[in-house]
Amino acid sequence: NLLRDYLTEAYKEKLRQKVDADVSVPEKGKIAEDRETAVADNLRISARLIPCRNVKAPQQDNNCDCGVYLLHYAELFSKTPFKDVSDVDRQDWFPKRDIAEKRRQLRDYINNLHIRQDKEKKKRIAGRRHCTGTSLCRRGK
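Residues numbered from 1 in each chain as written. Predicted model: local features only at pLDDT ≥ 70, side-chain atom pairs only at ≥ 80, totals over all residues. Heavy atoms only, no water.

Re the state of the cysteines
By the definition in use, this model includes zero disulfides. The thiol of Cys64 is unpaired, and the distance to the nearest cysteine sulfur, on Cys66, comes to 8.2 Å. The exposure class of Cys64 is exposed, given its relative accessible area of 58%. When its relative accessible area of 48% is taken as the criterion, Cys66 is described as partly exposed. (Disulfide = S-S within 2.5 Å. Buried < 20%, exposed > 50% of the residue type's maximum accessible area, 1.4 Å probe, protein only.)

Focus on the layout of surface pockets
Its volume calculated, the largest pocket comes out at about 540 Å³. In this structure, the largest pocket is lined by 17 residues; those nearest its centre are Cys52, Arg53, Val55, Phe77 and Phe82. Top element by residues in the lining of the largest pocket is helix α4 (residues 66-79). It accounts for four residues. Considering only residue class, the lining of the largest pocket consists of 14 nonpolar, two polar and one charged. (1 Å grid on protein atoms, 1.4 Å probe; cavity = no way out; pocket = protein on both sides within 12 Å on 5 of 7 lines; lining within 4 Å. Points joined across faces, edges and corners; volume = space filled by probe spheres on them. Helix = DSSP H or I, 4+ residues; strand = E, 2+ residues; numbered from the N terminus. Nonpolar A, V, L, I, M, F, W, Y, C, P; charged D, E, K, R; others polar.)

A few points about the packing of aromatic side chains
Going through the model one piece at a time under the given rule, you end up with seven aromatic pairs. With centroids separated by 6.0 Å and ring planes inclined at 50 degrees, the aromatic side chains of Tyr73 and Phe94 adopt a geometry described as tilted. Taken together, the residues span a long stretch of sequence, with Tyr73 in helix α4 and Phe94 in the loop between α4 and α5 (97-130) at a distance of 21 residues. The class of Phe94 is buried, set by a relative accessible area of 5%. Above the face of the Phe82 ring, Arg90 is positioned so that its terminal group lies 3.9 Å from the ring centre. (Phe/Tyr/Trp six-rings, centres within 6.5 Å; stacked < 30°, edge-to-face > 60°. Lys NZ or Arg CZ within 6 Å of the ring centre and 35° of its normal.)

A look at α4
Across its 14 residues, α4 extends 20 Å between first and last C-alpha, which sits within 8% of the 20 Å expected from 1.5 Å per residue. The complete set of buried residues in α4 reads Val68, Tyr69 and His72. Buried residues in α4, looked at end-on, bunch into an arc of 95 degrees, giving them a common side. Residues Leu70 and Ser78 are exposed on α4 and point more than 90 degrees away from its buried face. (Expected span 1.5 Å × (residues − 1). Arc of directions from axis to C-beta.)

Focus: the pattern of salt bridges
Scanning the entire structure with this criterion turns up eight salt bridges. One salt bridge in this structure joins Arg103 and Asp65, with 2.8 Å as the shortest N-O distance. Taken together, the residues span a long stretch of sequence, with Arg103 in helix α5 and Asp65 in the loop between α3 (35-42) and α4 at a distance of 38 residues. The class for Arg103 is partly exposed, based on a relative accessible area of 37%. Taking the shortest distance from any N to any O, the salt bridge between Asp108 and Arg107 comes out at 3.1 Å. A residue is classified by how much of its surface remains accessible, and Arg107, at 47% relative accessible area, is partly exposed. Salt bridges sharing common partners tie together Glu101, Arg104, Arg107 and Asp108. (Salt bridge = Lys/Arg side-chain N within 4 Å of Asp/Glu carboxyl O.)

What follows is the structure, given as structure tokens:
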């Protein structure tokens, strides 16, 4: 499973960084003899350790809403994680109209960010024009 492989490699890298920071050995090869590094090199996150389930969840019916669905899944799951992982039938998890609302929320959020950033940019430009030629502006004050 791709997720398990990623978690395995991320954990190994974190453990190696910890060992590299904690152990000062003149020869780099000796770090591999450290117990923690040996454990990291042999670590494999198994299906028993992190089981995976294919959840039957509401599906998009077009070619453009996959990101909106993914964000909605993540938001719902973070608010109320599944207590029983054996129950993988979540087709009635949320109504499809929630996706249209989520798309509207995302659009409004992005538009508001753009408006705010545009105002900040105009403010910075106006501030530069205001103090052009003074010694304070050249020093960034």
